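Observations on the three-dimensional arrangement
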Amino acid sequence: MRGLQLGALVAVVALWALVAGAGVVSPTALPGPAAVAAALGGLLGSGTYWQAVGDTLDGAVTGLAVAVAVGIPVGLVTGVYAAAEESSRLLVEILRSFPVIALLPVFLLVLGSTPGMKATVVFIACVFPILLQSQYGARSVTPSVHETVRAYRIPRLLRFRRVVLPGAVPSVMTGLRLAATTSVLVAIGVEVLTTLPGIGHMIMEAQQAGASDRAYAYILTAGAIGYSITLLAQYAEHRLLRRRPPARAGEAA
Amino acid sequence: MTRGSALHVEDLCMTFGRGGPQEHRVLAGLSLRVDPGESVCVVGPSGAGKTTLLRCLAGLAPPTSGTVRYGDQRLTGPHADIAVVSQDYRGSLLPWMRVWDNVAFPLQGRGVKKAARKATALECLDAVGLADVGDKYPWQLSGGMQQRVAIARGLAYDAPVLLMDEPFGSVDAQSRFDLEDLTLQLRRRLGITVVVVTHDIDESVYLGDRVIVLGGRPTAVLDTLTVPFGTDRDQLTTRADPRFAELRTRVLARIRGERLDQDAEPARN
Ligand SMILES: Nc1ncnc2c1ncn2[C@@H]1O[C@H](COP(=O)(O)OP(=O)(O)OP(=O)(O)O)[C@@H](O)[C@H]1O
Ligand SMILES: [Mg+2]
């Protein structure tokens, strides 16, 4: 499996080298892998690079953290209390179908071009997948379990802690995984569209300076961050769900 | 030596989907009573409403009309004195809790400390023949073992009234006999009241002081049989008793809607 994946990766890089080397596209549009690798190597030693990575992660992580802090509790509570969920459903449906990036001008106007604005946009993009998945998770308590918990008169808090919460974990983790990837994407998107510092900004800057190898190095960096987040989330999920029946753990993956 | 109070069911009616196109009248005016320390078996064809009746007895389902009383209280919800072992034993176990934890969970709800409730849970697991699976997860056990875990949880709750819905359906014949004897022994030793829903006619006669036969459409009590074997029963001699065969024949005839020779009234109308 791993070998196959590596093979696919090598094939892509080889194809890239081939296309770039053939001169079909100009080297400014698509520099070869070697040039990009060299640019990336140079960047890794520079403070600006790490500053940009830090800025992007800062916005992404802040927005995501607030989304987690708000989305999980609100989602779980509204999921448990069907009435609260009914009343909030329409609002949530409307809000979540809003394309966040399209709202960027509004945020720029209201909040200005600040790191706080970036985090806010990330928050808005991330909170709905987390909230909805938490809601879904809280409602995944089966009728059979629900009845057992009722019959044995398990107090509300204990029920929440030992039944609702563990039952919601697979679903919440899925929401987290989606949101984590979204957070970096949106942070970079905001940076591209505004002048806020970060990877997105550096991509634009490098491109405008005609240093496409550097621009690609930053794009690769963004990809690497996204991939690391996915790996991290998978690892966390695996740790949390290792004591579950195989079918359940598989369902969540 | 008995514990708890009597259960009274008066004119219990249960209609699902009332007023809708799917209206389904399941129970029509059931009346029965279960005395403290008594063992009552409920038999009836599939879909007759045995589970529905048990859920009403447990305070889990509000009847459409009629009342369920425990002692002199009207049951409006689950009662601390009543333990329930549900028919869907598999679905009622929590997959993220170890077996002992599942058994002990109701005790945690009562505020029992961890060491004490674990000890109780392991004792109850031992009683149902599962001495060394406490640290496993329910989904690592076979169906029959899971069913016994659910029974152990009911026992651990240590309630004066134990309601069990098809509790021995998935266990092997030998374990089934053992669990039947365990039930009788608990009843004798602890003075608890037991209500067992079962498909198995022999089991109903072996376990019950009385057997309540449900049937008809909608379901009513077709017959109530008194079983004269006392509290000390034995798988071999009790089942070999000529009265045992007589009783099981009568239950079977009732379920099949046949009239018995000694009947003055038709079994159903
Ligand atoms: N929540 C419900 N909503 C609608 N109909 C229901 C509901 N619960 C039970 N019923 C119906 O009531 C009838 C009796 O169901 P019940 O589960 O009580 O039967 P049972 O005697 O326990 O059957 P079995 O022996 O197969 O367990 C069935 O026809 C079933 O479809
Ligand atoms: Mg049933």
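Further up the page is the structure itself.
We now turn to the structure provided with this report. (Residues numbered from 1 in each chain as written. Chains lettered and ligands numbered in written order. Predicted model: local features only at pLDDT ≥ 70, side-chain atom pairs only at ≥ 80, totals over all residues. Heavy atoms only, no water.)

**A word on the overall build of chain B**
Regarding its fold elements, chain B presents nine helices and 10 strands. In terms of principal-axis extent, the alpha carbons of chain B reach across some 60 × 50 × 35 Å. In chain B, buried positions account for 55% of the 269 residues. Taking as baseline every contact in chain B between residues at least 6 positions apart, the subset at least 24 positions apart corresponds to 66%. Counting 33 positive and 33 negative side-chain charges, chain B places the averaged centre of each group 5 Å from the other. (Helix = DSSP H or I, 4+ residues; strand = E, 2+ residues; numbered from the N terminus. Buried < 20%, exposed > 50% of the residue type's maximum accessible area, 1.4 Å probe, protein only. Contact = heavy atoms within 4.5 Å. Lys, Arg positive; Asp, Glu negative; His and termini not counted. Charge placed at Lys NZ, Arg CZ, Asp CG, Glu CD.)

**What to know about the coordination of the magnesium ion (ligand 2)**
All names here are of chain B. Looking at the magnesium ion (ligand 2), one finds its protein donor set to be Thr51 (OG1) and Gln87 (OE1), positioned 1.8 to 2.2 Å from the metal centre. On the criterion of sequence distance, the pair formed by Thr51 in helix H1 (residues 50-57) and Gln87 in the loop between strand E6 (82-85) and helix H2 (89-92) is long-range, its members being 36 residues apart. With relative accessibility at 29%, the residue Thr51 sits in the partly exposed group. (Donors = N, O, S within 2.8 Å, 3.2 Å for Na, K, Ca; no water.)

**Notes on the sheet that holds strand E7 (residues 161-165) of chain B**
Residues and elements named next belong to chain B. Spatial strand order, E6-E7-E8-E3-E9-E10: six strands in an open sheet with mixed pairing. Unpaired on one side and paired on the other, E6 and strand E10 (220-226) mark the two borders of the sheet. When the angles between neighbouring strand axes are averaged without regard to direction, this sheet yields 15 degrees. Bridge analysis of strand E9 (residues 210-215) against E10 gives six bridges, and the strand direction is antiparallel. Across the sheet, residue Gly215 finds its bridge partner in E10, namely Ala220. Strand contacts of helix H5 (residues 143-156): E6 and E7, with the helix running at about 180 degrees to E6, the strand carrying the most contacts. (Pairing = 2+ DSSP bridges. Axes fitted to C-alpha atoms, helices over the stretch in contact; angles between N-to-C directions.)

**Quick notes on the pattern of salt bridges**
Any two side chains of opposite charge can pair if their charged atoms end up close together. Summed over the entire model, instances satisfying the criterion amount to 19 salt bridges over all chains. In this structure, Arg162(A) and Asp101(B) form a salt bridge, with 2.4 Å as the shortest nitrogen-oxygen distance. Here Arg162(A), found in helix H8 (residues 156-193), pairs with Asp101(B), found in helix H3 (residues 99-109), and the two come from separate chains. Assigned by exposure class, Arg162(A) and Asp101(B) land together as buried. When the shortest N-O distance is used, the salt bridge between Arg176(B) and Asp200(B) registers 3.5 Å. Taken together, the positions of Arg176(B) in helix H6 (residues 173-190) and Asp200(B) in the loop between strand E8 (193-197) and helix H7 (201-207) put the pair 24 residues apart, joining distant regions of the chain. With relative accessibility at 17%, the residue Arg176(B) sits in the buried group. Assessed through its relative accessible area of 27%, Asp200(B) is described here as partly exposed. The structure contains a network of salt bridges with shared partners spanning Arg176(B), Glu180(B), Asp200(B), Glu203(B) and Arg239(B). (Salt bridge = Lys/Arg side-chain N within 4 Å of Asp/Glu carboxyl O.)

**Observations concerning the site of ligand 1**
Residue and element names in this part refer to chain B. Taken together, 13 residues form the shell around ligand 1, and within it Ser46, Lys50, Thr51, Thr52 and Gln87 come nearest. The side chain of Thr52 places a nitrogen or oxygen atom 2.6 Å from an oxygen atom of ligand 1. For the shell around ligand 1, the element with the highest residue contribution is H1, accounting for three residues. Residue composition of the shell around ligand 1, by class: four nonpolar, eight polar and one charged. (Near = heavy atom within 4 Å. Polar contact = N/O pair within 3.5 Å; in protein donor to acceptor, adjacent residues only side chain to side chain. Nonpolar A, V, L, I, M, F, W, Y, C, P; charged D, E, K, R; others polar.)

**Remarks on the packing of aromatic side chains**
Applying the stated criterion across every chain, the model contains five aromatic pairs over all chains. Arranged with centres 5.8 Å apart and planes meeting at 20 degrees, the rings of Tyr137(B) and Trp139(B) form a pair that is stacked. With a relative accessible area of 27%, Trp139(B) lands in the partly exposed category. Judged by centre distance (6.3 Å) and plane angle (20 degrees), the ring pair of Phe229(B) and Phe244(B) falls under stacked. With a gap of 15 residues between them, Phe229(B) in the loop between E10 and helix H8 (235-240) and Phe244(B) in helix H9 (residues 242-255) connect regions that are remote in the sequence. The exposure classification of Phe229(B) matches that of Phe244(B), with both residues buried. Site record: aromatic cluster; members linked through ring pairs are Tyr49(A), Trp50(A) and Tyr218(A). (Phe/Tyr/Trp six-rings, centres within 6.5 Å; stacked < 30°, edge-to-face > 60°.)

**A few points about the side chain of Arg210(B)**
All names here are of chain B. Note that Arg210 resides in strand E9. Arg210 sits in the buried class, given a relative accessible area of 17%. Non-local contacts of Arg210, meaning those with residues more than four positions away in its chain, are made with Arg33, Val34, Glu38, Ser39, Val40, Cys41, Thr224, Leu225 and Thr226.

**A short note on helix H6 (residues 115-138) of chain A**
For H6(A), which comprises 24 residues, the first-to-last C-alpha distance of 33 Å matches the rise-based estimate of 34 Å (1.5 Å per residue) to within 8%. Along H6(A), the sharpest kink reaches roughly 30 degrees, centred on Val127(A) and followed within four residues by the proline Pro129(A). (Expected span 1.5 Å × (residues − 1). Bend = angle between axes of the 7 residues up to and from the residue.)

**What about the interface of chain B and chain A?**
Every contact between the two is made by 28 residues of chain B and, on the other side, 22 residues of chain A. Together chain B and chain A conceal approximately 2,200 Å² of surface at their shared face, both sides included; 60% is due to carbon and sulfur atoms. The largest per-residue losses of area from chain B upon contact with chain A belong to Leu60(B), Trp96(B) and Trp139(B), which jointly make up 28% of the total buried on that side. Here chain B is connected to chain A by two salt bridges. Between Glu147(A) and Arg55(B) there is a salt bridge, and its shortest N-O distance comes to 2.8 Å. Our enumeration of links across chain B and chain A arrives at eight residue pairs in polar contact (both at pLDDT 80 or more). Residue assignment for the side of chain B that touches chain A shows that the elements contributing at least two residues are E6, H2, H3 and H5 of chain B. Here the side of chain B that touches chain A takes five residues from H3(B), the largest share from any one element. (Buried area = accessible area lost by both parts, 1.4 Å probe.)

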